[in-house]
Amino acid sequence: GDQVEQSPSALSLHEGTGSALRCNFTTTMRAVQWFQQNSRGSLINLFYLASGTKENGRLKSTFNSKESYSTLHIRDAQLEDSGTYFCAAEGGTNTGKLTFGDGTVLTVKP
Amino acid sequence: AQTIHQWPVAEIKAVGSPLSLGCTIKGKSSPNLYWYWQATGGTLQQLFYSITVGQVESVVQLNLSASRPKDDQFILSTEKLLLSHSGFYLCAWSLSRGQDTQYFGPGTRLLVL
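The model shown is predicted, which means the values in this text are computed figures rather than measured ones. (Residues numbered from 1 in each chain as written. Chains lettered and ligands numbered in written order. Predicted model: local features only at pLDDT ≥ 70, side-chain atom pairs only at ≥ 80, totals over all residues. Heavy atoms only, no water.)

Asker: Now, about the overall build of chain A: what can you tell me, with residues and values included?
Answerer: In terms of regular secondary structure, chain A is built from zero helices and 11 strands. In chain A, the succession of α and β elements from N to C terminus is β-β-β-β-β-β-β-β-β-β-β. The C-alpha radius of gyration of chain A comes to 13 Å, within 12% of the 13 Å expected for a compact globule of 110 residues. Each principal axis of the C-alpha atoms in chain A carries an extent, and together these give about 45 × 25 × 20 Å. Pairs at least 24 residues apart make up 54% of the contacts formed inside chain A by residues separated by at least 6 positions. Within the structure as shown, chain A displays about 5,100 Å² of accessible surface, and the carbon and sulfur contribution to it stands at 46%. One finds the centroid of the 10 positive side-chain charges in chain A at a distance of 4 Å from the centroid of its 10 negative side-chain charges. (Helix = DSSP H or I, 4+ residues; strand = E, 2+ residues; numbered from the N terminus. Rg over C-alpha atoms; globule rule 2.2 N^0.38 Å. Contact = heavy atoms within 4.5 Å. Areas by Shrake-Rupley, 256 points an atom, 1.4 Å probe, with all protein chains shown as cover. Lys, Arg positive; Asp, Glu negative; His and termini not counted. Charge placed at Lys NZ, Arg CZ, Asp CG, Glu CD.)

Spelled out as structure tokens, the structure:
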């Protein structure tokens, strides 16, 4: 079945710095979503991409379906960015099935 | 604006007891609805999806069932809980079934003892 490999599993950043998260897909995906899960468990929508790159504030995401990967870049990290980040990809069956990565636990330190 | 509610917020149940979790979408007619499950510290797994009233498709078999009795309501249930049912249950909706953003509810935490 569809597989989503997310890395890194954990990431620690100091405020003001940045880094990138990556998801690799073992099969061709039609679209990808990125979420932030906060301490209460709520999933906050960050991006939906069927292709290309989107940017929102300090976040930027790219989805390359041909090369089967997606990235989420965080710049100028803030304390409130801490949480678990998930990518979720939609395969080719048009069922709305999202396959989630295992998540990246981001800790932003002062 | 669309809102999604889940109830209850949290449950502690005994093994072998029944369970019913609910999800309601307001402000959108004929949404596509989904149930997801997240084990503690784990990733999310889609369990069911529904494109219309009375139609539910199972994605993963976890001894759970789902029903869609109304356009804006999605119910997850079982007659006998297992320890492995513990976790976080999330309901989601989207406008269309494929290639569309899914929006998640606040979730229900379930602990089975």
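Asker: Any details on the overall build of chain B? Residues and values, ideally.
Answerer: Along the backbone of chain B there are zero helices and 11 strands. Along chain B, helices (α) and strands (β) appear in the sequence β-β-β-β-β-β-β-β-β-β-β when read from the amino end. Rg of the C-alpha trace for chain B: 13 Å, near the compact-globule value of 13 Å for 113 residues, within the 12% margin. For chain B, the C-alpha atoms occupy an extent of roughly 35 × 25 × 20 Å along the three principal directions. Within the span of chain B, comprising 113 residues, buried residues form 48% of the whole. Nonlocal contacts in chain B, meaning residues at least 24 apart in sequence, comprise 56% of its contacts between residues at least 6 apart. (Buried < 20%, exposed > 50% of the residue type's maximum accessible area, 1.4 Å probe, protein only.)

Asker: Which residues make up the sheet that holds strand S8 (residues 69-74) of chain A, and what are the values?
Answerer: Strand pairs in the sheet, formed through backbone hydrogen bonds, run parallel or antiparallel to each other. Residues and elements named next belong to chain A. Taking strand neighbours across the sheet as the criterion, the five strands line up as S1-S3-S8-S7-S6 in an open arrangement whose pairing is antiparallel. Strand pairing shows two members of the sheet lacking a second neighbour, strand S1 (4-7) and strand S6 (52-56), which therefore form its edges. Between one strand and the next, the sheet's axes are offset by a mean angle of 15 degrees, whatever the strand orientation. The pairing of S6 with strand S7 (residues 59-64) spans five bridges and is classified as antiparallel. Within S7, the residue paired with Gly52 across the bridge is Phe63. (Pairing = 2+ DSSP bridges. Axes fitted to C-alpha atoms, helices over the stretch in contact; angles between N-to-C directions.)

Asker: Can you explain the state of the cysteines? Please cite residues and give values.
Answerer: Residues and elements named next belong to chain A. In the structure shown here, the tally under the stated rule is two disulfides over all chains. Through a disulfide, Cys23 is tied to Cys87; the S-S separation comes to 1.9 Å. Measuring the twist about the S-S bond at about -100 degrees, one finds the Cys23-Cys87 disulfide to be left-handed. One end of the pair, Cys23, is in strand S3 (residues 19-25); the other, Cys87, is in strand S9 (residues 83-90), and 64 residues separate them in sequence. (Disulfide = S-S within 2.5 Å.)

Asker: Residue-level account of the packing of aromatic side chains, with values.
Answerer: Enumeration according to the criterion identifies nine aromatic pairs over all chains in this entry. With 5.8 Å between their ring centres and 25 degrees between their planes, Phe35(A) and Phe100(A) make a pair best called stacked. A residue pair is termed long-range when its members are at least 10 positions apart, and Phe35(A) in strand S4 (residues 31-37) and Phe100(A) in strand S10 (residues 98-100) qualify at 65 residues. On the basis of relative accessibility, which here comes to 0%, the residue Phe35(A) falls in the buried class. An aromatic cluster is built from Phe35(A), Phe86(A), Phe100(A), Tyr36(B) and Phe104(B), whose rings are joined through pairwise contacts. A cation over a ring is seen here: Arg22(A) above Tyr69(A), with NZ or CZ 4.1 Å from the ring centre. The ring of Phe88(B) is capped by Arg109(B), whose NZ or CZ atom sits 4.2 Å from the centre of that ring. (Phe/Tyr/Trp six-rings, centres within 6.5 Å; stacked < 30°, edge-to-face > 60°. Lys NZ or Arg CZ within 6 Å of the ring centre and 35° of its normal.)

Asker: Break down the interface of chain B and chain A for me, citing the residues and quoting the values.
Answerer: Contact residues are listed per partner, giving 21 residues for chain B and 22 residues for chain A. Overall, the association of chain B and chain A removes approximately 1,700 Å² of surface from exposure, summing both partners, and the carbon and sulfur fraction of that is 49%. At the junction of chain B and chain A, the tally comes to zero salt bridges. Counting across the interface, chain B meets chain A through six residue pairs in polar contact (both at pLDDT 80 or more). At the level of elements, strand S4 (32-38), strand S5 (44-52), strand S9 (87-94) and strand S10 (103-104) of chain B are the ones that each hand at least two residues to the side of chain B that touches chain A. (Buried area = accessible area lost by both parts, 1.4 Å probe. Salt bridge = Lys/Arg side-chain N within 4 Å of Asp/Glu carboxyl O. Polar contact = N/O pair within 3.5 Å; in protein donor to acceptor, adjacent residues only side chain to side chain.)

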